[in-house]
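Understanding the architecture of this molecule
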Amino acid sequence: MTESMVASTIAGPGALAGGGLDAHDAEASSRPADAPLRELYARYSRPQLMAVLSAIGLDVIYERGQGDYLYYRDDRGHEVAVLDLLGGFGASLFGHNHPRLVSCATRSLRELRPFNAQASVRSASALLAYRLSQRIGAATGRDYVTTFASTGAEVVEAAIKHAELERRLGGDRLLQRLRHENVRARRAVATGEARWEAASFERALGVSALGPDASPREVAQALLSIAERELGKPGTVLALERAFHGKTTGALRLTHNPEYRAPWRCFGHALFIPAGDVAALQRAVQAATVVLPLVTLGDDGLVRLQDMPRVDVVALFVEPIQGEGGIHELSLDYWQAIRAVADSAGFPVVVDEIQTGMGRTGRFLASEALGARGDYYLLSKSLGGGLAKIAALSVDSERYQPDFGYLHTSTFADDDPSSLIALAALDLLEERDGALLRACSNKGEYLLGKLRALQEAFPDVIRAVRGRGLMVGIELALSAPASAFLRLLCAQNLLGFMVAGYLLHEWKIRLAPALSANGTLRLEPSAGVELAELDRYCLALETVARLLRDEDTLTLTSFLFPEEARKERPRPARARRPASWPAASAGKRRAAFLAHFSVATDLQHFDPAFATLGESTCRQVLDKLSTTLTPFHLDSFQIASMDGGRVDLAVIALPFTSAQVATALREGRAEWALDHVRAGVELAKELGCDVIGFGGYSSIVSDNCRAIADDELVLTSGNSLTVAAAIDTMFAAADAHGIGTRRLGVVGATGNIGAMMAELAASEVSHTTLVGRPGAARRLEALAARLPGSVSVATDLNALRECNVIIGASNAPAPIIAAQHLSHENVVICDVAVPRDVALEVELERPNCRVLKGGSVRLPLEQRLDNRGLMIDGDAVYACLAETLVVALAGIERNFSFGALRGADVREVRRLALQHGFSFEGAARRQ
Ligand SMILES: Cc1ncc(COP(=O)(O)O)c(C=O)c1O
């Protein structure tokens, strides 16, 4: 990127388009802008997010927003309007840039209202706090003291802090009381005015864990220390399963989705309880109850020990409708139980209305609809009209701790412009007798009605429709689709995102799945959305439902293809439904094979819907998707051996092609591929497999399995059988072609397979030529020194012209042996490389050359794997896959073909394979 591009980029997207910020109606122009902006975003801001966005076609640059529409420019510079049903995750209740709010913002700028007047009376925030107290109070009959901040997560943090302050001050008061009573009793005993009641003293001794000689004074002091210690411990914060409260350090502890918390698990987390389960709530409160030892002096002059239970819950956080958790509303019964439990235990209930509040559900607070009362209320998102960054923590004034106002501050909180916009937003809600709230409610009913009808028509695609007002969720669920691609999307929580990409590109509708429930499409349009727009959405969703029911993945994903490839879209073929993965059973071993896309066109086999896609389209699609996919359980088979043994085989697809791994290795990014291999091994373990075979590049990147540290698994690169089968096949074909004096050429001779093949075959030929990459001469020489007979080395493929028996065993990502490298006499080439080393045209141009697919093995009893591509080849299978099965069937308990190959292993696996009924060309002739 050039300096000038950076400069114009900084000036804004409009500037790059050639027209400044007002350029939305500019003439269509060729746009150099978007690509560099994407590059900057990917490189300097959010690399992985950008990869995901571009994988599913959401990497659009919006230039302006108005009402329910966002606008971007297409490649030709034409403005495209997109109906925005994502609505800023609920922040755009008033639509984008509502004119009244914009004019409020511009007026406050024109009037030079202060942003920064900290440590003074903030008039606009005073008014706003008053208005919020009134609004919330109208539902609860109470007064509220409000602390302002800039974002949702920030007020969640503030709520945690305030609740902790309440708890701490309450604890301090309690300790004072305990101390007072303890000292009073101790003194009275010391002066002889009182004495311990005998039974109580016995118990106190036990509680204090002091010996029988301890004095009454020591016992009382120890009990006080116990109480101090208990009250000094952190309390329990309760939150609900599926909860989302934000992603800052403190808020994250209350956000349930383990994916968001996993990297920061050392921060700890709240105690999550299942929403709606009253018994679980009671159990959690019980578990958080500590018993404090209270020493009392009675009027009868006796000192006693009493148990004082204290519920040590800091607060319970709830969302009335769990938004990011997939639009789940709490029930009235549950609310009532929460209120009763919290009142009796004394902890505050924090109602997070950040997404639900400000009228979206048809009431100012969603919790109002259920007559529920909280102690703290959180608002943000639409509070600032989607324009100002503002958030509020409103605490019931009876609970509010006055010190909080100076203990908790933030530079940008309480500023005039944000508060004025929030006041204007409240005005919009209230005017015309709450017409906006009624609109949310009525339009929501209309939308929910239509969606429920759709659900009835497509129950196999739409599992549920949930919501209230304009906060609606549609849960997609496909039950075991035959299409591998759909299964992949479902398994990896990508179905909702793919649907979002489709709707954006084909229907110009923007939405997203809920953050913690990716199978649920979440709709949060503005209150101004037209019914016709909701109709259009329902029509689009009906189309999606039909595509999913028909498993038409080609149409669903065609927005990912280049323009030319979109034109030809024949009706896609139906996929075969894979066998289900059986439950473990005694005496049957479970093996997994890690396969990957050998070439991009494997995508055609992966899902028959893609059968007509050309090579370059397959490549582009895989290049896009591979950044977001993780290893995937593609297929399951049950394989029997000739001797009656059985093995369950899980094929695990690693989301990369050979070419992508070769590039990664060249660029020093081997870890990227190795991470996928490791994740594939983990998935295999989850499936209960204890034998794992490494196909293709997975053995290369894992240094022939050595990079996997797991001594409970049997690992194999499968390369020994590859070598055994290839040698037999090659020499049998050489005999069949009348090649008497064999001159062997080994391409890729420094590799694990090439070197072992050379070692085992050299004694059966008159001369061996070892061919390697330029730069490999020294390693070739070292190998040559170990081989029997006449041997030479070469780093130039032309050396093959002297050879009539050739092994292709390089790990080049594309063919390297061409016709010009070969002799005009009869030649047999055994190509074991995946992808292949020999160019396709060799057989066409050189009828004298017989090219054999090396390393191909037939399964016992004429079984076949009904799948093609991804290193599974239909009638025959790759030898590395066959070796995985042999290791499992033969009950081998050690790693096999692990690291450098050994001649003894090659011979052993060959014997075992034949014994179990596997076969390959030439095996019979060379018995
Ligand atoms: C219920 C709820 N609480 C808290 C937050 C966090 O808000 P923010 O993203 O402004 O930090 C969100 C955001 O989606 C939310 O939906």
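Residues numbered from 1 in each chain as written. Predicted model: local features only at pLDDT ≥ 70, side-chain atom pairs only at ≥ 80, totals over all residues. Heavy atoms only, no water.

1. Remarks on the packing of helix H16 (residues 416-457) against helix H19 (residues 531-549)
In the contact formed by H16 and H19, the axes pass within 10 Å of each other and the chain directions differ by 20 degrees. With respect to H19, the axis of H16 lies roughly parallel. In this structure, the crossing between H16 and H19 has a hand that is right-handed. The residues of H19 that touch H16, namely those facing Lys443, Tyr446, Leu447, Lys450, Leu451, Leu454 and Ala457, are Leu531, Leu534, Asp535, Tyr537, Cys538, Leu541, Glu542 and Arg549. (Axes fitted to C-alpha atoms, helices over the stretch in contact; angles between N-to-C directions. Helix = DSSP H or I, 4+ residues; strand = E, 2+ residues; numbered from the N terminus. Parallel < 35°, antiparallel > 145°, perpendicular 65-115°, else oblique. Left-handed = near helix turned anticlockwise from the far one by under 90°. Contact = heavy atoms within 4.5 Å.)

2. Description of the site of the ligand
Taken together, Thr151, Gly152, Ala153, Phe244, His245, Gly246, Glu319, Glu324, Asp352, Ile354, Gln355 and Lys381 make up all the residues around the ligand. Backbone polar atom of Ala153 to an oxygen atom of the ligand: 2.8 Å apart, as the coordinates give it. In the model, a nitrogen atom of the ligand is placed 2.6 Å from a nitrogen or oxygen of the Asp352 side chain. Coverage of the ligand by the protein chains reaches 82% of its 390 Å² of free accessible surface. (Near = heavy atom within 4 Å. Polar contact = N/O pair within 3.5 Å; in protein donor to acceptor, adjacent residues only side chain to side chain. Areas by Shrake-Rupley, 256 points an atom, 1.4 Å probe, with all protein chains shown as cover.)

3. So, the side chain of Arg310
Secondary-structure assignment places Arg310 in strand S9 (residues 302-311). Filtering out sequence-adjacent residues up to four positions away, Arg310 remains in contact with Arg167, Gly170, Gly171, Leu174, Leu231, Ala288, Thr289, Val290 and Leu292.

4. Observations regarding the sheet that holds strand S22 (residues 632-640)
The sheet built from five strands is open, its strands ordered S22-S23-S21-S24-S25 with mixed pairing. What marks the edges here is a single partner per strand, and that holds for S22 and strand S25 (714-716). Neighbour-to-neighbour, the strand axes of the sheet open up by a mean angle of 20 degrees, direction not taken into account. Bridge count between strand S24 (residues 691-694) and S25: three bridges; the pairing is parallel. Its bridge partner lying in S25, Val691 is registered against Val714. (Pairing = 2+ DSSP bridges.)

5. Some words on unusual backbone geometry
Here Leu112, not a glycine, exhibits a phi torsion of approximately 55 degrees, which is positive. By the element assignment, Leu112 lies in the loop between helix H6 (99-110) and helix H7 (123-140). One non-glycine residue, Asn493, lies in positive phi territory at about 55 degrees. With respect to the helices and strands, Asn493 occurs in the loop between helix H17 (484-491) and helix H18 (495-507).

6. Notes on the pairing of strand S17 (residues 471-476)
In terms of burial, S17 is largely enclosed, as six of its six residues are buried. Residues Met471, Gly473 and Glu475 line one face of S17 and the alternating positions Val472, Ile474 and Leu476 line the opposite face, and both faces are buried. Sheet topology places strand S16 (residues 462-468) next to S17; six bridges connect them, and they run antiparallel. Its bridge partner being in S17, Val465 is matched across the sheet by Ile474. Taken together, the four bridges between S17 and strand S20 (residues 517-523) define a ladder with antiparallel strand orientation. (Buried < 20%, exposed > 50% of the residue type's maximum accessible area, 1.4 Å probe, protein only.)

7. Let's talk about H7
In this model, H7 (18 residues) spans 25 Å end to end at C-alpha, consistent with the 26 Å of a helix rising 1.5 Å per residue. Where H7 is buried, its residues contact strand S4 (144-149), strand S14 (376-379), strand S15 (391-396) and H16. Just downstream of H7, Gly141 is the residue with a positive phi angle, here 75 degrees. (Expected span 1.5 Å × (residues − 1).)

8. Remarks on the nonpolar core
Judged by nonpolar contacts, the single largest core of 144 residues is most densely connected at Leu451, Leu503, Tyr537, Phe606 and Leu721. The element contributing the most residues to this core is helix H27 (residues 719-736), with ten residues. Beyond its immediate stretch of four places on either side in the chain, Phe606 contacts Ala484, Phe485, Leu488, Phe597, Phe632, Leu634 and Leu870. (Core = buried A, V, L, I, M, F, W, Y, C linked by side-chain atoms within 4.5 Å.)

9. Section: the sheet that holds strand S3 (residues 79-84)
If you trace the four strands from one edge of the open sheet to the other, you get S1-S2-S3-S18, paired in mixed fashion. The strands lining the two open edges of the sheet, one partner per strand, are strand S1 (62-66) and strand S18 (509-510). Of the pairings in the sheet, the one linking strand S2 (residues 69-73) to S3 comprises five bridges and is antiparallel in character. Paired with Tyr72 across the two strands is Val80, which belongs to S3.

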